[in-house]
Amino acid sequence: AQSVTQPDARVTVSEGASLQLRCKYSYSGTPYLFWYVQYPRQGLQLLLKYYSGDPVVQGVNGFEAEFSKSNSSFHLRKASVHWSDSAVYFCAQSNMGYKLTFGTGTSLLVDP
Amino acid sequence: NSKVIQTPRYLVKGQGQKAKMRCIPEKGHPVVFWYQQNKNNEFKFLINFQNQEVLQQIDMTEKRFSAECPSNSPCSLEIQSSEAGDSALYLCASSQQNSGNTLYFGEGSRLIVV
């Protein structure tokens, strides 16, 4: 069965610091991979996605993610976080079957 | 701002009451999904449609959940007899065909069963 693991339930960083949120997926092939963000009392917003090509993909608001087949990982990064980046971040995968499988999220708190 | 429109944003129901949520997918997106997000941020896929036809769905053996996407009307998800465990955020998403499975989500309908 497919699964997505986000090992860090909560991450706290200072404003202006760099950020990495970890994501591991399980799938023998190359799945579609996504990062979504959820702000309080809102739905999910797409940050970026990957299927093939350059393993580093750029997203919105300065976010990027790097795909690693050898590590089965798709970590999210940002060079300098802002207080408004405080939210819950979800990694998700799909194997072309339409359904997304989500991790349980990482809650990011940016100290101003 | 989300182009997938979900109503209502909040609904409070007593146990045993019916709960109905609606979703208007993004224009031009024929595929619609319903997910349930619980308080532990666990997502449960419920059902998806392509146009009006069901593509995949969970085993709704309890038969309390039903969903439809009629033509020229909002899609809907209905819980016939709400239970406390149904309290969750219900997310609707839509997708283009052959879009790399990118789902675009609405703001969600938060159901509280008291």
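Novice: Describe in detail the overall build of chain B, supporting the description with residues and values.
Specialist: If you tally the helices and strands in chain B, you get 0 helices and 11 strands. In chain B, the succession of α and β elements from N to C terminus is β-β-β-β-β-β-β-β-β-β-β. In summary, chain B has a C-alpha radius of gyration of 13 Å against a globular reference of 13 Å for 114 residues, a match within 12%. Principal axes of the C-alpha set define a box for chain B whose edges measure 40 × 30 × 25 Å. Across the 114 residues of chain B, 46% fall into the buried class. Sequence separation of 24 or more characterises 52% of the internal contacts of chain B that already satisfy a separation of 6 or more. When the accessible surface of chain B is summed, it comes to about 5,800 Å², and 43% of that surface belongs to carbon and sulfur atoms. In chain B, the 12 positive side-chain charges and the 10 negative ones have mean positions that sit 6 Å from each other.

Novice: I'd love a proper account of the packing of aromatic side chains, names of residues and values included.
Specialist: Under the counting rule described, the total for this entry stands at 15 aromatic pairs over all chains. Ring geometry for tyrosine 25 of chain A versus phenylalanine 67 of chain A: centroids 6.0 Å apart, planes at 20°, classification stacked. Here the residue tyrosine 25 of chain A occupies a position in strand S4 (residues 24–26), and phenylalanine 67 of chain A occupies one in strand S8 (residues 63–68), the gap between them amounting to 42 residues. Here tyrosine 25 of chain A falls in the buried class, since its relative accessible area comes to 5%. For phenylalanine 67 of chain A, a relative accessible area of 10% translates into the label buried. A centroid spacing of 5.3 Å and a plane angle of 90° characterise the contact between tyrosine 36 of chain A and phenylalanine 105 of chain B, whose relative ring orientation is edge-to-face. Separated into two different chains, tyrosine 36 of chain A in strand S5 (residues 32–38) and phenylalanine 105 of chain B in strand S10 (residues 104–105) make up a pair that spans both.

Conventions and cut-offs
- Residues numbered from 1 in each chain as written.
- Chains lettered and ligands numbered in written order.
- Predicted model: local features only at pLDDT ≥ 70, side-chain atom pairs only at ≥ 80, totals over all residues.
- Heavy atoms only, no water.
- Helix = DSSP H or I, 4+ residues; strand = E, 2+ residues; numbered from the N terminus.
- Rg over C-alpha atoms; globule rule 2.2 N^0.38 Å.
- Buried < 20%, exposed > 50% of the residue type's maximum accessible area, 1.4 Å probe, protein only.
- Contact = heavy atoms within 4.5 Å.
- Areas by Shrake-Rupley, 256 points an atom, 1.4 Å probe, with all protein chains shown as cover.
- Lys, Arg positive; Asp, Glu negative; His and termini not counted.
- Charge placed at Lys NZ, Arg CZ, Asp CG, Glu CD.
- Phe/Tyr/Trp six-rings, centres within 6.5 Å; stacked < 30°, edge-to-face > 60°.

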